[in-house]
Amino acid sequence: MSESPVPHEPPIYRRIADGLRARILSGELRDGDRLPGENALMTEHGIARATARQALAVLINEGLAVPKRGSGVYVRQFKPIRRHGSRRLSREQWGQGRAIWDADTRGRPFTVDEVEVVRAQASEATAGVLDSTEVWIRRRRYSVDARPVQMATSYFPADLVEGSAITLADTGPGGVYARLRDLGLPPAHFTEEVRARMPHPAEARLLELPAGTPVIVISRTAYTTGGLPVEYNEMVLDSASYVLQYDFDA
């Protein structure tokens with residue numbers, strides 16, 4: 001008669017991380033609270049420093065904690081933003097003067113900063129998408145609940161948007177898509193490509209990403225009814241801050 005297999009027990013650093021995670025998710029440890037440090041974990045569990053460091057690294061890599069140099073590791077609990085691909089870009093949203101970010105945040109406070117608007121020569125790749133050698137470029141960073149979550153860079157064919165509010169820092173109600181509508185070029189179709197990678201140093205700094213946190217890169221092109229490309233937008237998202245939702249008919 002064979003014996004039942006003994007369930008595999010996770011390594012101790014995983015068990016310690018599981019305990020800390022449970023305390024975070026239960027609300028015992030709240031956003032901004034300092035987690036027990038390596039020395040405290042070593043004393044409490046009788047483990048080596050490397051094991052304590054592994055336990056904290058699990059939570060850091062999950063986006064639940066963030067290290068602060070010379071200070072310790074702190075809870076970074078953040079309610080993920082549910083980004084609904086079609087709902088946020090619907091004509092009903094921007095056509096009525098609402099920011100597409102209102103669809104994402106649903107009442108949570110958000111801000112836009114690091115805004116830069118310039119006219120420049122298009123890169124070969126961007127020129128190929130927009131069929132324009134000169135572009136207006138809009139760069140900005142978005143924060144939700146005072147936490148940076150996304151950077152975005154949009155490109156527009158220069159001749160199409162020259163002299164419009166798209167070339168200004170403040171584009172007005174409804175944003176750039178409402179201004180394209182005012183120019184007789186309302187977006188009617190969007191394509192998005194999604195991929196993941198590790199952040200570049202400047203992205204990690206501007207998004208205040210913990211070490212080891214990947215980013216989600218979404219490349220979107222907007223087209224008019226006639227198929228004219230009017231915007232190319234590359235967005236870099238903190239992967240720990242987002243849930244991406246897309247709806248499809250069978």
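Just above sits the structure.
Quantities reported herein were computed from a predicted structural model and do not represent experimental measurements.

Go over unusual backbone geometry, please, and point to the residues and values.
Excluding glycine, a negative phi dihedral is what most residues carry, and trans is how most peptide bonds are arranged. With a phi close to 50°, Arg106 is a non-glycine residue in the positive phi region. A positive phi angle, close to 55°, is found at Asp131, a residue other than glycine. The topology assignment puts Asp131 in the loop between helix H7 (124-130) and strand S5 (134-144). Accessibility expressed as a relative area gives 71% for Asp131, which makes it exposed.

So what's going on with the packing of helix H1 (residues 12-25) against helix H3 (residues 49-61)? Residues and values would help.
At their nearest, the axes of H1 and H3 sit 8 Å apart, and the two run at 45° to each other. Taken together, H1 and H3 sit at an angle that is classed as oblique. Along this stretch, H1 crosses H3, giving a crossing that reads as right-handed. Facing H1, whose interface residues are Ile12, Tyr13, Arg14, Ile16, Ala17, Leu20, Arg21 and Ile24, H3 presents Thr51, Gln54, Ala55, Leu56, Val58 and Leu59. Tallied by class, residues from the contact of H1 with H3 come to 10 nonpolar, two polar and two charged.

Describe the environment of Asp170, naming the residues involved and giving the relevant values.
Secondary-structure assignment places Asp170 in the loop between helix H8 (158-161) and helix H9 (175-182). It is 10.0 Å that separates the C-alpha atoms of Asp170 and Val117, two residues lying 53 residues apart in sequence. Within polar-contact distance, the side chain of Asp170 engages the backbone nitrogen of Gly172 at 3.0 Å.

Got a sec to walk through a positive patch on the surface? Specific residues and values, please.
A surface patch of like charges, here positive, comprises Lys79, Arg82, Arg87 and Arg106. In this structure, Arg87 sits in helix H4 (residues 85-88). When its relative accessible area of 37% is taken as the criterion, Arg87 is described as partly exposed.

So what's going on with a nonpolar patch on the surface? Residues and values would help.
On the surface, Val194, Tyr246 and Phe248 cluster together into a nonpolar patch covering about 340 Å² of accessible area. Judged by relative accessible area, Phe248 falls into the exposed class, the value being 73%.

Residues and numbers for the nonpolar core, please.
Looking at soluble globular proteins, one finds that nonpolar side chains tend to be buried together. Counting 27 residues, the largest nonpolar core has Trp101, Val149, Tyr177 and Leu180 as its most contacted members. Contributing elements (two or more residues each) for this core: helix H6 (100-105), S5, strand S6 (147-157), H8, H9, strand S8 (215-223) and strand S9 (229-238). Counting residues per element, this core draws most heavily on H9, which supplies four residues. The residues contacting Val149, other than those within four sequence positions of it, are Phe78, Ile81, Trp101, Tyr142, Ser143, Val144, Leu207, Val236, Leu237, Asp238, Ser241 and Tyr242. Core analysis: the second largest hydrophobic core is formed by 19 residues, Leu29, Leu35, Ala52 and Leu64 among them.

Quick rundown of the pattern of salt bridges? Include the residues and the values.
For the structure on display, the rule yields 17 salt bridges. For Arg108, the salt bridge is made with Asp145, and the minimal N-O distance between the two is 2.9 Å. In this pair, Arg108 is assigned in the loop between H6 and strand S4 (110-121) and Asp145 in the loop between S5 and S6, connecting sequence segments 37 residues apart. Exposure remark for Arg108: the relative accessible area of 16% places this residue in the buried category. In this structure, the salt-bridge partner of Arg179 is Asp182, at a minimum N-O distance of 2.9 Å. Here Asp182 and Arg179 lie together in helix H9, a separation of three residues that amounts to about one turn. Accessibility expressed as a relative area gives 13% for Arg179, which makes it buried. Each member of the salt-bridge network shares a partner with another, and the members are Glu38, Arg49 and Arg53.

Thresholds, definitions, all that
Residues numbered from 1 in each chain as written. Predicted model: local features only at pLDDT ≥ 70, side-chain atom pairs only at ≥ 80, totals over all residues. Heavy atoms only, no water. Helix = DSSP H or I, 4+ residues; strand = E, 2+ residues; numbered from the N terminus. Buried < 20%, exposed > 50% of the residue type's maximum accessible area, 1.4 Å probe, protein only. Axes fitted to C-alpha atoms, helices over the stretch in contact; angles between N-to-C directions. Parallel < 35°, antiparallel > 145°, perpendicular 65-115°, else oblique. Left-handed = near helix turned anticlockwise from the far one by under 90°. Contact = heavy atoms within 4.5 Å. Nonpolar A, V, L, I, M, F, W, Y, C, P; charged D, E, K, R; others polar. Polar contact = N/O pair within 3.5 Å; in protein donor to acceptor, adjacent residues only side chain to side chain. Patch = residues over 30% accessible without salt bridge, like charges linked within 9 Å, V, L, I, M, F, W, Y side chains within 5 Å. Areas by Shrake-Rupley, 256 points an atom, 1.4 Å probe, with all protein chains shown as cover. Salt bridge = Lys/Arg side-chain N within 4 Å of Asp/Glu carboxyl O. Lys, Arg positive; Asp, Glu negative; His and termini not counted. Charge placed at Lys NZ, Arg CZ, Asp CG, Glu CD. Core = buried A, V, L, I, M, F, W, Y, C linked by side-chain atoms within 4.5 Å.

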